[in-house]
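The primary structure of each chain is shown beneath.
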Amino acid sequence: MRELRGEEGGVEERLPTGGPPVRALARSPGPVPEHGPVWSPGVSRLLLARYYLPRRHTTLQGNACRLLRDGVEAYPEMLEAIRRARRSIRLETYMFVTDAVGELFGQALAEAAERGVHVKVLYDAVGSWTSRRSFFEGLRQRGVDVRAFKPFSLSRGLRHLFRRDHRKILVVDGTVAFTGGVNIAAHWAPEGQGVAWRDDVLKIEGPAVHELERRFLATWRMMFQDRLSRLKRRIRGGGRAPEPGPRRGDVGLAVLSSRRSIHRAYLHAIQRSRQSVLIAAGYFVPDRRLVAALKDAAKRGVEVSLLLNGGKSDHPFLEHATRAFYETLMGAGIRIFEWQRGVLHAKTAVVDGVWGTIGSFNLERLSLAFNHEVNAVFADPRLGRELEDSFRTDCGDCREVDLAVFRRRPLWQKAVERVLYFFRKVL
């Protein structure tokens, strides 16, 4: 069996012993200074959620959450959950690539199906276009119900092609779930075994697992059942996810799968910010409302910092379009850090060390207008502090963009940025 090993003290695939391991980030001042608590420790999490989240975003209390960095931490945890499965596995992913990591997950899923676990896998046909069809056929023969989301078809038009399933959800036995930005591919495996893309995953135990499973089943029924079948199932009350499980912790989570609700959550939290707004975005082409909210926060004296790709993005055209925003953002006092260690793929944000979000939603046109997305949003000082520490540590591996130097970039580069900015809605 292959193992995923990380260099420099990375996590390898192994069984947990005596409870979940405790991971301590390297605490260093870094380029982004830390700040004290914004709220008194006595303020309830329910009040924080009411302050930072829009009223229509209901939070589910009683969850236990762990932040997992990159595939080196996420993959072993996900594989272990699959191997412990006894009843059901639901996996929804944009990329399921038939490389070493894909083979490892495929074997674990097939073994689960062979021991009687009900395994459903939904992968995006465009995101996984390089994968071997024989691989998925082999999984089907071993009992895995694996299907493609919207296979390519010219007869259905461009809108069918653009509307992709960009979610990353793994739910096991209705008791544990994983969501974030990591797909099933060696891109997220540690350096030496993969490309070591930077990303985040949230492991969840508690009532919010039920909500993630509901999102998966809703997409599955929408794609693979006709209207009559869906009506019959609704009348019978069958095919539903199990009822929410018991409380496992003290974190309140809102599971958002509407693109506009996720965007609204970003805007609301930024507008309510008091001390800091920290955003890590692998793809960043913001709309006017988000730009205005960030600039307004900076003008109020809020520390606004963005962690973006620095020349190694897997979408270089999009990266040039992003740089077209630099002058207006930095001119308002917003700091921009460019990631230097490979590709940044994270889609996370933390406000005041309290509000945070982790998921699949990118701050660019495709996520806002077309893709199926899912984000977990929380208002929790402990988890917020952990996400904030992770952001500040990452900034130590970045280059901060200097506005005066940036303005002296070559004329051809400015021209490319302006052209790609003009086409930003279709990139």
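Preceding block: the structure.
Residues numbered from 1 in each chain as written. Predicted model: local features only at pLDDT ≥ 70, side-chain atom pairs only at ≥ 80, totals over all residues. Heavy atoms only, no water.

A. Summary view of the pattern of salt bridges. Following the criterion strictly, the structure yields 35 salt bridges and no others. Across the pair R409 and E327 runs a salt bridge, and its minimum N-O distance is 3.5 Å. Note that R409 is positioned in the loop between α14 (403-407) and α15 (411-422) and E327 in helix α11 (residues 326-331), a separation of 82 residues in sequence. In this structure E327 comes out as partly exposed when scored by relative accessible area, which is 29%. Here the salt bridges share partners, and the residues they tie into one network are E34, E303, R385, E388, D389 and R392. (Salt bridge = Lys/Arg side-chain N within 4 Å of Asp/Glu carboxyl O. Helix = DSSP H or I, 4+ residues; strand = E, 2+ residues; numbered from the N terminus. Buried < 20%, exposed > 50% of the residue type's maximum accessible area, 1.4 Å probe, protein only.)

B. Local environment of the environment of G102. Turning to its location among the elements, G102 is positioned in helix α3 (residues 100-114). Overall, the relative accessible area of 0% leaves G102 in the buried class. Sequence-wise, G102 and F135 are 33 residues apart; in three dimensions their C-alpha atoms are separated by 9.4 Å. The contacts of G102, once residues within four sequence positions are left out, are F96, V97, F135 and I184. (Contact = heavy atoms within 4.5 Å.)

C. The arrangement of the pairing of strand β14 (residues 375-379) in detail. For β14, a buried count of 5 out of 5 residues is recorded, marking the element as mostly surrounded by other parts of the structure. Burial along β14 is two-sided: N375, V377 and A379 facing one way and A376 and F378 facing the other are all buried. Sheet topology note: the strand β13 (residues 355-359)/β14 ladder contains 5 bridges and is antiparallel. Each bridged residue has a counterpart across the sheet, and for G359 the counterpart in β14 is N375. (Pairing = 2+ DSSP bridges.)

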